[in-house]
Amino acid sequence: MGKKEKNKKKVSGSVKTALKTEKKLSAKQKKELAALGEDDIAKVIADIEKEEARRQRVVEVEIDPPSRRVNFTITAHPFKDEIIMLGGEFFDGQKTVVYGDMFFYNLNKRQWTVVKAPGAPPPRCGHQTIAVPSQKGELWVFGGEFSSPSESQFYHYKDLWLYHMGDKKWEKVVAPGGPTARSGHRMVYAKKQIFVFGGFHDNLRDYKYYNDLYIFNLETYKWNKIDTTGNCPTPRSGCVMLPIPEGKILVYGGYNKERIKKDVDKGEVHTDMFVLSPEKNDSTGLKWKWALVKQTGVKPSPRCGISATLVQPNLAYLFGGVFDEEDDEEELRGTSFYNDMMTLDLDLYRWQSVKLSGARNPTSRSRRRKPKEGESMDENTEEMDTSSEVEPMVLTDEDGIFTVTVDSSTSIPVAGISDLKVEESEAKENWPSPRMNAGLCFKHGILYLYGGMAEDGSRQYTLNDLHSLDCRKLDEWRTVIKDDLSSQVWIESSSSDSDEDTTSEEDDDHDDDE
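Residues numbered from 1 in each chain as written. Predicted model: local features only at pLDDT ≥ 70, side-chain atom pairs only at ≥ 80, totals over all residues. Heavy atoms only, no water.

(A) Focus on the pattern of salt bridges. All chains considered together, the criterion is met by 17 salt bridges. A salt bridge links Asp-465 to Arg-435; the shortest N-O distance between them is 2.8 Å. Placement of Asp-465 in strand β32 (residues 459–470) and of Arg-435 in the loop between β29 (406–407) and β30 (439–443) is noted, with a sequence separation of 30 residues between them. Across the pair, Arg-435 and Asp-465 agree in class, each one buried. (Salt bridge = Lys/Arg side-chain N within 4 Å of Asp/Glu carboxyl O. Helix = DSSP H or I, 4+ residues; strand = E, 2+ residues; numbered from the N terminus. Buried < 20%, exposed > 50% of the residue type's maximum accessible area, 1.4 Å probe, protein only.)

(B) Quick peek at the nonpolar core. Tyr-317, Phe-319, Met-341, Leu-356, Leu-447, Leu-469 and Trp-477 are the most contacted members of the largest nonpolar core, which totals 17 residues. Within the residue set of this core, elements represented by two or more residues are β23 (315–326), β30 and β31 (446–456). A per-element tally of this core places β23 first, with three residues. What Phe-319 contacts, discounting residues up to four positions off in sequence, is Ile-306, Ser-307, Asn-339, Asp-340, Met-341, Trp-431, Pro-432, Ser-433, Arg-435, Leu-440, Leu-449 and Trp-477. By size, the runner-up hydrophobic cluster in this structure holds 16 residues, among which are Ile-244, Met-273, Val-293 and Leu-346. (Core = buried A, V, L, I, M, F, W, Y, C linked by side-chain atoms within 4.5 Å. Contact = heavy atoms within 4.5 Å.)

(C) Main features of the sheet that holds strand β33 (residues 478–481). In spatial order, the strands read β30-β31-β32-β33; together these four strands make up an open sheet with antiparallel pairing. Where the open sheet ends on each side, the last strands, each with one partner, are β30 and β33. Strand-to-strand twist across the sheet, computed as the mean angle between neighbouring axes with direction ignored, equals 30°. In this structure, β31 lies alongside β32, joined through 10 bridges in antiparallel fashion. In the strand pairing of β32, Met-453 is matched with Thr-462. (Pairing = 2+ DSSP bridges. Axes fitted to C-alpha atoms, helices over the stretch in contact; angles between N-to-C directions.)

(D) Structural detail: the environment of Thr-129. As for its placement among the helices and strands, Thr-129 is situated in strand β6 (residues 128–132). As for Thr-129 and Thr-75, which are separated by 54 residues in sequence, their C-alpha atoms are 7.2 Å apart. Beyond its immediate chain neighbours, meaning those up to four positions away, Thr-129 contacts Thr-73, Thr-75, Leu-86, Leu-139, Trp-140, Val-141 and Met-187. A polar contact is formed between the side chain of Thr-129 and the side chain of Thr-75, at a distance of 2.8 Å. (Polar contact = N/O pair within 3.5 Å; in protein donor to acceptor, adjacent residues only side chain to side chain.)

(E) Inspection of helix α2 (residues 41–53) at higher detail. The terminal C-alpha atoms of α2 lie 18 Å apart, and with 13 residues this matches the ideal 18 Å at 1.5 Å per residue to within 8%. Listed as buried for α2 are Ile-41, Ile-45 and Glu-52. Angularly, the buried residues of α2 cover 40° about the axis, an arc narrow enough to put them on a single face. Summarising the geometry of α2, the exposed residues directed more than 90 degrees from the buried face are Lys-50 and Ala-53. (Expected span 1.5 Å × (residues − 1). Arc of directions from axis to C-beta.)

Shown next, in the form of structure tokens:
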């Protein structure tokens, strides 16, 4: 008889039980997937990536506006008069489609072009992108998620991709030590580094929200996990994250949920604000400190799925969002979608509500609770006029001096989904309808808002309209592309309405925010 292996590790009973449970669940899932006619999601993604790797040439085709989608990214080109849109998802009430296509929108010609380049990443939503001017332009992509059509499977990414704009080709950047798989995270560029914060992971059996911080150095191509000090934000996804002056980073809001008892989760929308600063006298660039900061001005009402973009180093614009009102941990009373616009002074952490000079702003608040049986959604609308006037203030942008009129009243311009059904929208002088997770970016003094999503009961309205606003004039929104909602396909589920309640998170954003 040979000697027993002395160094053999013992496995505890709880670990054995967990492994057996996982094996049973895996076998059960395989049977369910076979019944649905779906392959294992990891295999699907691997096959897509292999297929894209075989692509040899670039295909560019001018198209009509992209199909409806939400939880995509939209990014201003670092030097061309273009904006770049990547990925996203669409749900028709029965099936989910996750996209991997990339579009360039020429701001001067008002023309969309879909670009299929060699080595593209697999489809995803709830990811993040940043564009930098290095090497004729680079687009960096991290994370996100993919789901099967039936949403019986979810896959979260932890991959990092680089699109070389000059060469029109993709590169998968393999670097150890990066963030775990996630979506609904946030990502910014500062000091030739990419900062990744937060997000969540959900495999339908369990979920986790993050508040960790990673930095990827664009010169060394190395990840570093940062052990921060100070008052760190709690775990969250779908927050606002912006680079601010003096090499600092701001984080506002976000969403997370936690399990309070078996099969019962409770969501929380955050309204706190933090600033991440490099430690003094640190030469490594790896020592950072969080600080909770006091906000001034008229803070936005609690919400997630809000869109934000920088228009100056010390000024950001924010639009829209969503808030679910809960009677208790199991009942959803109603959902409010917003279409107000705010500025955030990144030096003073001061909020202002934007008022346009050439158009009548939306000034009503429409709160929609879940309708009772036999009751229509329109019977639930409550309106409140909260408009007021304030003094103008002068701000500076890259193109010179311009006057911005801001409204610091307590106006919370919210409207129900019925406003989306009004194609003409003259009542709001082309002001974009309420929505969450819209694409928002800034180029040459112009703010661009694309798409997003809103709900009416169990039905989702996924948008593909495009609006622009001249931040030097702030006179009125201009509708560049109208949305004909009557063309959207929606397949009613056979399940009861009570089974179709959804909790909106910015992941998706909903990242979140994505």
